[in-house]
Amino acid sequence: MKKDQITVHLPSQLAVTLGPGMVTPEENTVSLLRQQRDNPEWNASLIPYWESLPGFGGILTKENMPTDALHLLQDPVLAGTSSIIVHGAYTRNVFYGGKAALVESFVDEFPGVTLEHFQHLTSIVASYAFTFPNEDGVPTRMLLPLLDMLNHGNEGTANVQIIEADNGDIYAYTLRDVEAGEELTHTYTAAIRRNDQALFHYGFIQEYEPPALVEQDLPDGNLYDMSSYSEEDYDLGGRLVTRQELQRLQGILDSFPTTMAQDAAILQEEKPWWQFWGKEGPRNDLERMFIQYRIMRKQALQYVHTKLKDALIVSKEL
Ligand SMILES: C[S@@+](CC[C@H](N)C(=O)[O-])C[C@H]1O[C@@H](n2cnc3c(N)ncnc32)[C@H](O)[C@@H]1O
């Protein structure tokens, strides 16, 4: 396909509107469940779409990620008090009626919808939905069949862009020429190029060359916003080329309980089936990813630390 060609055209009536984009995915999920219950014909017409979505365990995000292995991340932010645990608790809290403004009792309003079902659906809403303005210009979250089959590609790599036309129809069009057989990807948000954000919001991580710092390791980084700093600020003459910054990075590196070599060895370990509650050694793909996450994080810190040290030596500050 050539650049600027339409790869998918989704008529507006096929969009599943979930409500305002600025509320929590839990609220959007309650709205989805109500629509499914109140419009059985519409719901039935979408069965092929519902069936195309991942089943239990097929998607793990901050809403439904198991917490017993979070320590493997060696990441007090992701596994700490402001993060995956808190988000999981919020989702459960909504289900158990702790947010009565959303739903007083799931059991009464949605008999048959289990906590597991609600967590799973919320995770899908959080990681599959798009936000576009509705006819009044209000940012609105919606599920877009077909278009949500596209994986994320970082800026510069992604080959399609998704836009909403004035009539509400949604299009994916090519950003460059695309070879036959090439996977189509679009950039969900620029922030996903940082692995803590990718893991938190979408349940995956990516390898980079050169390695990329996670968001929270940049001086003003956090899980919700892009930091105003980047690795280029560690280049010679860059605004992060200071001895204090070198110490800050060293402090983070020193805080890890294992080295990269130890992590690599742990990743290779086969966990005997009887050692289920052992301290280390991955038991499944999720645990493997958690250990890979901490390895990639350390690689990036080490890479940037070396680059910064070299810049300080060249500029005679060290
Ligand atoms: C909107 S869905 C994309 C379609 C999904 N892969 C599927 O088969 O249904 C978003 C989810 O796909 C996965 N995903 C998207 N981009 C990815 C990528 N670049 N690498 C790995 N997984 C990705 C993540 O699980 C993410 O939460």
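The name that an unreviewed UniProt entry assigns to the protein chain is G8216 protein, with the source organism given as Coccomyxa viridis.

Caption draft 1: Here's a closer look at the overall build of the protein chain. Within the protein chain, the regular secondary structure consists of ten helices and eight strands. Dimensions of the protein chain, computed from the C-alpha atoms along their principal axes, are close to 70 × 55 × 40 Å. Counting all 318 residues of the protein chain, 47% fall into the buried class. Considering only contacts in the protein chain between residues 6 or more positions apart, those separated by 24 or more positions represent 66%. In the form shown here, the protein chain has an accessible surface area of approximately 16,500 Å², with 54% of it arising from carbon and sulfur atoms.

Caption draft 2: Up close: unusual backbone geometry. Cis geometry marks the peptide bond from Glu-209 to Pro-210, where omega comes out at 0°. With respect to the secondary-structure elements, Pro-210 resides in the loop between helix 7 (195-202) and helix 8 (243-254). In this model, Leu-146 sits at a positive phi of 75°, which is unusual for a non-glycine residue. Along the polypeptide, Leu-146 turns up in the loop between strand 4 (139-143) and strand 5 (151-152). Overall, Leu-146 belongs to the exposed group, its relative accessible area being 51%.

Caption draft 3: Structural detail: helix 7. Helix 7 sits mainly inside the fold: eight of its eight residues count as buried. Looking at helix 7, one finds that the buried residues are Asn-195, Asp-196, Gln-197, Ala-198, Leu-199, Phe-200, His-201 and Tyr-202. Of the surrounding elements, those touching the buried residues of helix 7 are helix 4 (84-95), helix 6 (115-128) and helix 10 (285-314). A positive phi of about 75° marks Gly-203, the residue just after helix 7.

Caption draft 4: Expanded view of the layout of surface pockets. Here the largest pocket defines a volume of roughly 1,200 Å³. Those elements that place two or more of their residues in the lining of the largest pocket are helix 1 (25-38), helix 4, helix 6, strand 3 (130-133), strand 5, strand 6 (160-164) and helix 7. Counting residues per element, the lining of the largest pocket draws most heavily on helix 6, at four residues. Residue classes in the lining of the largest pocket are distributed as 25 nonpolar, 15 polar and six charged.

Caption draft 5: Broad picture of the environment of Asp-220. Tracing the backbone through its elements, the reader meets Asp-220 in the loop between helix 7 and helix 8. On the basis of relative accessible area, Asp-220 is assigned to the partly exposed category, the value being 34%. Each C-alpha atom of the pair Asp-220 and Leu-144 lies 34 Å from the other, and the pair is 76 residues apart in sequence. Discounting residues that sit within four places of it in the chain, Asp-220 has contacts with Ser-227, Ser-228 and Tyr-229.

Caption draft 6: Structural view of the site of the ligand. As a matter of local geometry, the ligand sits amid Ile-59, Ser-127, Tyr-128, Asp-148, Met-149, Leu-150, Asn-151, His-152, Tyr-188, Tyr-202 and Phe-204. A distance of 2.6 Å separates an oxygen atom of the ligand from a polar atom in the side chain of Tyr-128. Within the side chain of Asn-151, one N or O atom sits 2.7 Å away from a nitrogen atom of the ligand. Using a 2 Å cut-off from the grid points, one finds that the ligand occupies the largest pocket. Looking at the shell around the ligand, the elements with two or more residues in it are helix 6 and strand 5. Counted by class, the shell around the ligand contains seven nonpolar, three polar and one charged residues.

Caption draft 7: Focus on the sheet that holds strand 2 (residues 16-20). An order of 2-4-3 is seen for the three strands of this open sheet, with the pairing classed as antiparallel. At either end of the open sheet lies a strand with only one pairing partner, and these are strand 2 and strand 3. Sheet twist, expressed as the mean angle between neighbouring strand axes with direction ignored, is 40°. Judged from the four bridges that link them, strand 3 and strand 4 form a sheet pairing that is antiparallel. Looking at strand 4, one finds that Pro-133 is bridged to Pro-139.

Definitions and limits used
Residues numbered from 1 in each chain as written. Predicted model: local features only at pLDDT ≥ 70, side-chain atom pairs only at ≥ 80, totals over all residues. Heavy atoms only, no water. Helix = DSSP H or I, 4+ residues; strand = E, 2+ residues; numbered from the N terminus. Buried < 20%, exposed > 50% of the residue type's maximum accessible area, 1.4 Å probe, protein only. Contact = heavy atoms within 4.5 Å. Areas by Shrake-Rupley, 256 points an atom, 1.4 Å probe, with all protein chains shown as cover. 1 Å grid on protein atoms, 1.4 Å probe; cavity = no way out; pocket = protein on both sides within 12 Å on 5 of 7 lines; lining within 4 Å. Points joined across faces, edges and corners; volume = space filled by probe spheres on them. Nonpolar A, V, L, I, M, F, W, Y, C, P; charged D, E, K, R; others polar. Near = heavy atom within 4 Å. Polar contact = N/O pair within 3.5 Å; in protein donor to acceptor, adjacent residues only side chain to side chain. Sits in = over half its atoms within 2 Å of the grid points. Pairing = 2+ DSSP bridges. Axes fitted to C-alpha atoms, helices over the stretch in contact; angles between N-to-C directions.

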